Amino acid sequence: MDKHLPRNILITGGAGFIGTNLVRYFLEKHPEVKQVINLDALTYAGSLNNLQDIAEKYPSRYTFVHGNICDRELLKKIFIQYEIDTVAHLAAESHVDRSIDGPRDFLETNILGTYELLQAAKNYWQDRTDVRFHHVSTDEVYGSLGDSGLFTEETKYDPSSPYSSSKAASDHLVMAWHRTYNLPVTISNCSNNYGAYQFPEKLIPLMIQKAEAEEKLPVYGNGTNVRDWLYVEDHCSAISTIIHKGCNGRTYNIGGCNEWQNIELVHLLCDLMQELRPPKTVKNYRDLITFVKDRPGHDQRYAIDATRIQNELGWQPSLKFEEGLKKTILWYLDNSDWSESIRKEKYSGERLGK
Ligand code: NAD
């Protein structure tokens, strides 16, 4: 374990799904953190509405900077002005289906953007050791599993999609900056997240939104693809644990030990919706399920071995899936204005990545 005390944290991509939850996490759970700076380009996936209450509640500890992680001069200014000692790097193009339709943005933000951020940190920090660059990555860098086995931190990288290959490249850059320039870094590779503020192009919010509108629920292929699901606040607590205690230069897998076939998950979601908000036009939400053409290159199964972070750093997920999913459904039902504005202005649930 290497102890680190973050004071002035730069969170990139803080207006997106996980970033919004992480900004909240640090401000609310860590009063000793002096400042959280959120740098976000506000692509289709980011929204300032996500953090309006936080901006009002913490005017002296929270700052939003609208900008791109590829902007070298802006990064330099931010590090100097806010005396950044910790980076939590989340800004990315994050949706596999969009990466199939248009890979270029993924290469620019995920690879070149990470490079610019590493350079900015290295140039500002020089040889300091009381600093930390934490890179938030995905388990998708490991490719696909068969029916058995788990991804460990030693699993060979074997990414399938333009998204996962760009994230794999960014992981390699982070580790190279550690080995070559001694930059103090940690990396986490996490399984699928779910929870409040997730953009409704991803499976769980898309299904909730479509079910609420009593529209067809499209499930890719035969629905047997398996994902390991983690509640977003548990991901945030894992990131915070790694930033505070993780070993310099080490990678940690994060997962919920919580594997679900897509179709089983959609069944559970329909059953919870049935209980929380019974449908008006069909008897059962399950009647809305339709199988659609599979995603090209669709990985069959992801499953995480999170032994390292559990044993070395004492992290554990706190929520059972049924509980987390119920909380998430209730959040989306209570915040239908949030989903509705996205549906009207940004994305109305059409098929991507054919
Ligand atoms: P998201 O798409 O919801 O948010 C990404 C944010 O990054 C958005 O606010 C967007 O405006 C911002 N952004 C994009 N390009 C930018 C740029 N060039 N400069 C500055 N900001 C930019 O993504 P998310 O689901 O919150 O994922 C966050 C991170 O976590 C990503 O790096 C992703 O690879 C990783 N991750 C996500 C999951 C998951 O299940 N969602 C799982 C594991 C890892």
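In short, a report on the structure.

Rules used throughout
- Residues numbered from 1 in each chain as written.
- Predicted model: local features only at pLDDT ≥ 70, side-chain atom pairs only at ≥ 80, totals over all residues.
- Heavy atoms only, no water.
- Helix = DSSP H or I, 4+ residues; strand = E, 2+ residues; numbered from the N terminus.
- Buried < 20%, exposed > 50% of the residue type's maximum accessible area, 1.4 Å probe, protein only.
- Contact = heavy atoms within 4.5 Å.
- Near = heavy atom within 4 Å.
- Polar contact = N/O pair within 3.5 Å; in protein donor to acceptor, adjacent residues only side chain to side chain.
- Areas by Shrake-Rupley, 256 points an atom, 1.4 Å probe, with all protein chains shown as cover.
- Nonpolar A, V, L, I, M, F, W, Y, C, P; charged D, E, K, R; others polar.
- Phe/Tyr/Trp six-rings, centres within 6.5 Å; stacked < 30°, edge-to-face > 60°.
- Lys NZ or Arg CZ within 6 Å of the ring centre and 35° of its normal.
- Axes fitted to C-alpha atoms, helices over the stretch in contact; angles between N-to-C directions.
- Parallel < 35°, antiparallel > 145°, perpendicular 65-115°, else oblique.
- Left-handed = near helix turned anticlockwise from the far one by under 90°.
- Salt bridge = Lys/Arg side-chain N within 4 Å of Asp/Glu carboxyl O.
- Expected span 1.5 Å × (residues − 1).
- Core = buried A, V, L, I, M, F, W, Y, C linked by side-chain atoms within 4.5 Å.

Digging into the environment of L22
Counting through the fold element by element, L22 comes out in helix α1 (residues 17-29). Residue L22 is classed as buried on the basis of its relative accessible area, which comes to 0%. Between the C-alpha atom of L22 and that of E233, which follows or precedes it by 211 residues, the distance is 7.7 Å. Sequence-distant contacts of L22, that is, excluding residues within four places in its chain, are made with I11, A88, L90, C236 and I239.

Let's talk about the site of the ligand
Near the ligand you find 28 residues, and of these I18, D40, S94, Y163 and K167 are the closest. Between the ligand and N68, the relevant distance is 2.9 Å, taken from a nitrogen atom to a side-chain nitrogen or oxygen of the residue. Taking 830 Å² as the accessible area of the ligand by itself, protein coverage stands at 96%. Breaking the shell around the ligand down by element, the ones donating at least two residues are α1, β5 (132-138), α6 (162-181) and β7 (192-194). For the shell around the ligand, the element with the most residues is β5, which contributes 3 residues. In the shell around the ligand, the residues fall into 13 nonpolar, 13 polar and 2 charged.

As for the packing of aromatic side chains
Scanning all chains against the criterion turns up 19 aromatic pairs. On the numbers, 6.0 Å between centres and 75 degrees between planes, the contact of Y332 with W338 is edge-to-face. The exposure classification of Y332 matches that of W338, with both residues buried. Among the aromatic residues, those joined into a cluster by ring pairs are Y194, W229, Y231, W260 and F321. Here the basic side chain of K122 rests over the ring of Y181, its NZ or CZ set 4.6 Å away from the ring centre. Sitting over the ring of Y302, R227 keeps its end group 3.9 Å from the ring centre.

Focus: the packing of α1 against helix α8 (residues 232-245)
In contact at an axis separation of 9 Å, α1 and α8 are set at 60 degrees when each is read in the N-to-C sense. Taken as axis vectors, α1 and α8 run oblique relative to one another. Judged by the sense of rotation from one axis to the other, the crossing of α1 with α8 is right-handed. The residues of α8 that touch α1, namely those facing F17, I18, N21, L22, Y25 and F26, are V232, E233, H235, C236, S237, I239, S240, I243 and H244. Class assignment for the residues of the contact of α1 with α8 results in 9 nonpolar, 5 polar and 1 charged.

A short note on the pattern of salt bridges
Across all of its chains, the model carries 15 salt bridges by this definition. K202 is the partner of E201 in a salt bridge, and the nearest nitrogen-oxygen pair spans 3.8 Å. You'll find E201 and K202 in the same group, each marked buried. Here E275 ties to K326 by a salt bridge, and the two come within 3.0 Å at their closest N and O atoms. A residue pair is termed long-range when its members are at least 10 positions apart, and E275 in helix α9 (residues 262-276) and K326 in helix α11 (residues 321-334) qualify at 51 residues. Via salt bridges that share partners, R98, E201 and K202 belong to a single interconnected network.

Quick word on α9
Given 3.6 residues per turn, any residue in an α-helix points the same way as the ones three and four places further on. Taking 1.5 Å per residue, 15 residues should reach 21 Å; α9 reaches 21 Å between its end C-alpha atoms and fits that length. Residues N262, I263, L265, V266, L268, L269, C270, L272 and M273 constitute the buried set of α9. In this fold, the buried residues of α9 make contact with α7 (203-212), β8 (217-220), β9 (226-231), β11 (259-261), β12 (289-292) and α11.

Let's talk about the packing of α7 against α9
At their nearest, the axes of α7 and α9 sit 11 Å apart, and the two run at 40 degrees to each other. Regarding the angle of α7 to α9, the classification is oblique. Remark: the crossing between α7 and α9 carries right-handed chirality. Contacts from L203, I204, M207, I208, A211 and E212 of α7 reach α9 at N262, L265, V266, L269 and M273. Here the contact of α7 with α9 is composed, by residue class, of 9 nonpolar, 1 polar and 1 charged.

Observations concerning the nonpolar core
The nonpolar side chains of soluble globular proteins are, as a tendency, buried together. One finds I11, I204, L269 and F321 to be the most contacted residues of the largest nonpolar core, which totals 57 residues. If near-sequence neighbours (up to four positions away) are discounted, F321 is found in contact with Y194, I204, W229, N258, W260, L265 and L268. By size, the runner-up hydrophobic cluster in this structure holds 26 residues, among which are L10, V65, V131 and V185.

Some words on α8
Compared with an ideal rise of 1.5 Å per residue, which puts 14 residues at 20 Å, α8 spans 20 Å between its outermost C-alpha atoms and is within 8% of the ideal. Among the 14 residues of α8, 12 are classified as buried, and the element is accordingly described as predominantly covered. Of all the residues in α8, the buried ones are V232, D234, H235, C236, S237, A238, I239, S240, T241, I242, I243 and H244.

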